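# Observations on the three-dimensional arrangement
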Amino acid sequence: MNNKEYLKSDGYVLRAPEPEDLVCMYLFENTSSLWDVGNATGPYSRFYLKQYIEQNRNDIYSDRQLRLMIANGEEVVGIIDLCNFDPFHSRAEVGIVIAERHRGKGIGKLALQLLGEYCFDYLGIHQLYAYIDVTNKVSLHLFTECGYKECAHLKDWMRTGTQYRDIKMMQRINSIEK
């Protein structure tokens, strides 16, 4: 029997969104400087986010995505997502954001490690991947530190305004299976 405690370590927990997280999610989703690192094209309404929290089952197999709040006690310090889950090929895309005042404290690394253990050991996912702007040295370093390897350099992959940016696709394959 496996008695491992998933999604918790060093006072931090990765947990499902709760109704009281609405304000926090609203702030993260509507910080326009973060839109360039994902696929957002504009702000989200409180109504939409409230519906998301109420209606999402937070089950990767039914929703094809999984959003987890990175919390230290009652304080949410970030969000980590699995999206574009493909159960046939057993892979999912990873996204992470840490509140600006909590960056540089190792929280992102801890969250990525916890998510990786959960995905590989518990869910049995074969691979995780992320798309990272080549100029985002902090994120590239974070993912590399957590065992991700560059598997592609995608030219002009993401657009911001009228400019296109190169992206590195980073991949981590479940080494436990091998």
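Summarised in this report is the structure supplied together with it. (Residues numbered from 1 in each chain as written. Predicted model: local features only at pLDDT ≥ 70, side-chain atom pairs only at ≥ 80, totals over all residues. Heavy atoms only, no water.)

### Details of the side chain of E29
Mapped onto the elements of the fold, E29 is located in helix 1 (residues 22–29). Within the local environment of E29, its side chain forms a polar contact with the side chain of R67, the two groups lying 2.7 Å apart. (Helix = DSSP H or I, 4+ residues; strand = E, 2+ residues; numbered from the N terminus. Polar contact = N/O pair within 3.5 Å; in protein donor to acceptor, adjacent residues only side chain to side chain.)

### Some words on helix 1
For helix 1, the full list of buried residues reads L22, C24, M25, F28 and E29. End-on, the buried residues of helix 1 take up no more than an arc of 160°, which puts them together on one face. Close packing links the buried residues of helix 1 with helix 2 (46–55), strand 3 (66–72), strand 4 (75–86) and strand 5 (91–98). (Buried < 20%, exposed > 50% of the residue type's maximum accessible area, 1.4 Å probe, protein only. Arc of directions from axis to C-beta. Contact = heavy atoms within 4.5 Å.)

### Considerations on the packing of aromatic side chains
For any pair of aromatic rings, the description consists of the separation of the ring centres together with the inter-plane angle of the planes. Tallying each qualifying case throughout the model produces eight aromatic pairs. Here Y44 and Y48 contribute two aromatic rings whose centre-to-centre distance is 5.3 Å and whose plane-to-plane angle is 25°, an arrangement assigned as stacked. Relative to Y131, the ring of Y129 lies with its centre 5.7 Å away and its plane at 80°, an arrangement referred to as edge-to-face. For Y131, a relative accessible area of 28% translates into the label partly exposed. Through pairs of rings, three or more aromatic residues link up here, namely Y6, Y118 and Y122. (Phe/Tyr/Trp six-rings, centres within 6.5 Å; stacked < 30°, edge-to-face > 60°.)

### Observations regarding the packing of helix 1 against helix 2
Between helix 1 and helix 2, whose axes approach to 10 Å, the crossing angle comes to 125°. With respect to helix 2, the element helix 1 is oriented oblique. Handedness of the crossing formed by helix 1 with helix 2: right-handed. On helix 2, the residues touching L22, V23, M25, Y26 and E29 of helix 1 are R46, L49, K50, Y52 and I53. For the contact of helix 1 with helix 2, the residue count by class is seven nonpolar, no polar and three charged. (Axes fitted to C-alpha atoms, helices over the stretch in contact; angles between N-to-C directions. Parallel < 35°, antiparallel > 145°, perpendicular 65-115°, else oblique. Left-handed = near helix turned anticlockwise from the far one by under 90°. Nonpolar A, V, L, I, M, F, W, Y, C, P; charged D, E, K, R; others polar.)

### So, the sheet that holds strand 3
Ordered in space as 1-2-3-4-5-6-8-7, the eight strands form an open sheet in which the pairing is mixed. Only two strands of the sheet have a single partner each, and these edge strands are strand 1 (8–9) and strand 7 (149–160). Of the pairings in the sheet, the one linking strand 2 (residues 12–15) to strand 3 comprises four bridges and is antiparallel in character. If you follow L14 over to strand 3, its bridge partner there is I70. Across the sheet, helix 1 lies against strand 3, strand 4 and strand 5, angled at about 70° from strand 4, the strand it touches most. Here helix 4 (residues 107–123) sits on the sheet in contact with strand 1, strand 2, strand 3, strand 4, strand 5, strand 6 (127–133) and strand 8 (163–173), set at roughly 155° to strand 5. (Pairing = 2+ DSSP bridges.)

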